[in-house]
Amino acid sequence: MTGFTQDRLGWTPWLPPLAEEELTEEHHEALVDRARAASPYFLLLARDPAVLHARTKTDNDIFHNADGGLPRAERELAATATSRRNGCVFCASVHARFASHHSKRPEDVQRLLDQGVGAPQDARWQAVVDAAAALASTPSDLGPEHIDALRDAGLDDLAVSDVIHAAAFFNWANRLMLSLGEPVEEATR
Amino acid sequence: MITDVIDHLAGITPGSPLDRLRDRRPDAREHAQRAFDALFSPDEEGEVTLVERDAVAAFVAGLHQDHAAAGFYTGRLADLAPGLVPAVSAEVAAGRVKGPYGVYPDGPLAAESEVGPRYRVHDPEALGERLTAAFEHAHLLVFRPREASGDDLDALAEHGWGPTGVVTLSQLVAFLSFQTRVVAGLRLLGQKGTATS
């Protein structure tokens, strides 16, 4: 198995995904974006289409809703930090690339991958990473001090809520990715 | 009638600052609830019974030690299968640890491995074969997801869990990992006093 990386990885399921020819209109609707019918991950989750549909719509709004709040780069940073803490190499690789692309700070993202959530970052990124890492604990270690640190770093309440949602969502995503299959070195199609 | 479980568990009232904040992400708000509905009031039970869903949820919420969420899901189980509540509560008490931990496969991350408890159900007879396997898998997902392997899915299969049932079970545990954290985070934000945004 590879370590944490920003390289493109593939993912191979441990259970049989649906075959493309098995997909009904309900499955296509659940996949939301028809291109996802090429992904073994989404084709596996399509076995329970109603839950997949809700999962994907939740995911899209948390990460793509551009009406104020936290910049996309830092939503991706929270996703990367959560994935790093939980140990999801595949999730971290995807969202580290997004975080690097949107922030133009690939070295800072790489430090998070190489050294973990304790790696030094500037105050604002530190506040986001610390909050995500605390929220990844079970039971949660998120405390008032984390909210204070996010506000001190300039986040308004919508942005703080975005950190909470992005980090919380990856506690959902990581558990699926880690337990239903595994990353592989080369992208599989 | 509870129309939004996250609002209910986090104590968010209509017109409050947190209510307005959630309205800024309307799809996330709506579909977090739809995920709950799809998992706990599905059109068809499919491969996972309603009792199994509520029992696993009561166990997982209890492991997260969130009083409101644990009470909510235990209450649902008590409505549907009151005889299971004592057994689930006993497993919660026995299964509480601190995560995430777990051993990484051989390779560059092995040095970061943190060995910790691999939970086994204490009273399999009280839960039955399928729920015993489901609880052990749920505990793995909650606390040491990095350790999950194909062998764990084989173990589920040996105890009556087909691929579609495993997907539903995994979604249920993973969704609750999300929902309890949104609740914990929003509740904290509310306690800190939300500025109008």
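Predicted model, so just to flag it, every value in this text is computed and none were measured. (Residues numbered from 1 in each chain as written. Chains lettered and ligands numbered in written order. Predicted model: local features only at pLDDT ≥ 70, side-chain atom pairs only at ≥ 80, totals over all residues.)

On to the environment of Val5 of chain B, then. Residues and elements named next belong to chain B. Note that Val5 resides in helix H1 (residues 5-10). On a C-alpha basis, the gap between Val5 and Gln33 in space is 6.8 Å, while along the polypeptide they are 28 residues apart. Beyond its immediate chain neighbours, meaning those up to four positions away, Val5 contacts Gln33 and Phe36. (Helix = DSSP H or I, 4+ residues; strand = E, 2+ residues; numbered from the N terminus. Contact = placed C-beta atoms within 7 Å.)

Moving on: helix H5 (residues 89-103) of chain A. Side chains of residues three or four places apart in an α-helix project in the same direction, reflecting 3.6 residues per turn. All names here are of chain A. When the terminal C-alpha atoms of H5 are compared, their 20 Å separation across 15 residues agrees well with the 21 Å that a helix rising 1.5 Å per residue should span. Turning to H5, the residues buried within the fold contact strand E1 (10-13), helix H4 (72-86), helix H6 (106-115), helix H9 (157-180) and strand E2 (181-184). Directly beyond the C-terminal end of H5, a positive phi value near 60° is found at Lys104. (Expected span 1.5 Å × (residues − 1).)

Attention shifts here to the UniProt feature "domain: Carboxymuconolactone decarboxylase-like" (unreviewed entry) in chain A. UniProt tags residues 49-133 of chain A as "domain: Carboxymuconolactone decarboxylase-like" (unreviewed entry). The span residues 49-133 of chain A shows a helical share of 79% and a strand share of 0%, and its end C-alpha atoms are spaced 30 Å apart. (UniProt positions renumbered as here; feature names shortened; annotations may be inferred.)

This paragraph deals with the interface of chain A and chain B. When the parts of a complex come together, some accessible area is lost, and that lost area is often used as the size of the interface. Taken together, the contacts link 51 residues of chain A with 55 residues of chain B. Those elements that place two or more of their residues in the side of chain A that touches chain B are helix H2 (40-45), helix H3 (49-64), H4, helix H7 (123-136), helix H8 (144-152) and H9 of chain A. When residues in the side of chain A that touches chain B are grouped by element, the largest group, 16 residues, is from H9 of chain A. Residue composition of the side of chain A that touches chain B, by class: 25 nonpolar, 16 polar and 10 charged. (Nonpolar A, V, L, I, M, F, W, Y, C, P; charged D, E, K, R; others polar.)

Residues and elements named next belong to chain A. Their axes nearest at 8 Å, the elements H4 and H7 cross at an angle of 45°. The orientation of H4 with respect to H7, classified from their angle, is oblique. When the axes of H4 and H7 are compared, the crossing they make is right-handed. Packed against H4, whose contacting residues are Glu74, Leu77, Ala78, Ala81, Thr82, Arg85 and Asn86, the element H7 presents Trp125, Val128, Val129, Ala132, Ala133 and Ala136 at the interface. The residue inventory of the contact of H4 with H7, partitioned by class, reads 9 nonpolar, 2 polar and 2 charged. (Axes fitted to C-alpha atoms, helices over the stretch in contact; angles between N-to-C directions. Parallel < 35°, antiparallel > 145°, perpendicular 65-115°, else oblique. Left-handed = near helix turned anticlockwise from the far one by under 90°.)

Ala132, Val163 and Ala167 of chain A together with Val56, Phe59, Val60 and Val173 of chain B are the most contacted members of the largest nonpolar core, which totals 119 residues. The dominant element in this core, judged by the number of residues it contributes, is H9 of chain A, at 15 residues. Mapped onto the domain boundaries, this core takes at least three residues apiece from domain 1 (12-64) and domain 2 (72-181) of chain A. (Core = buried A, V, L, I, M, F, W, Y, C linked by C-beta atoms within 7 Å. Buried ≥ 20, exposed ≤ 12 C-beta atoms within 10 Å, placed from the backbone. Domains from an automatic or database assignment.)

Moving on to the confidence of the model for chain B. Averaged over all residues, the pLDDT of chain B is 96; the fraction at 70 or higher stands at 98%. The complex prediction reports pTM at 0.97, with the ipTM value standing at 0.97. (pLDDT = per-residue confidence, 0-100.)

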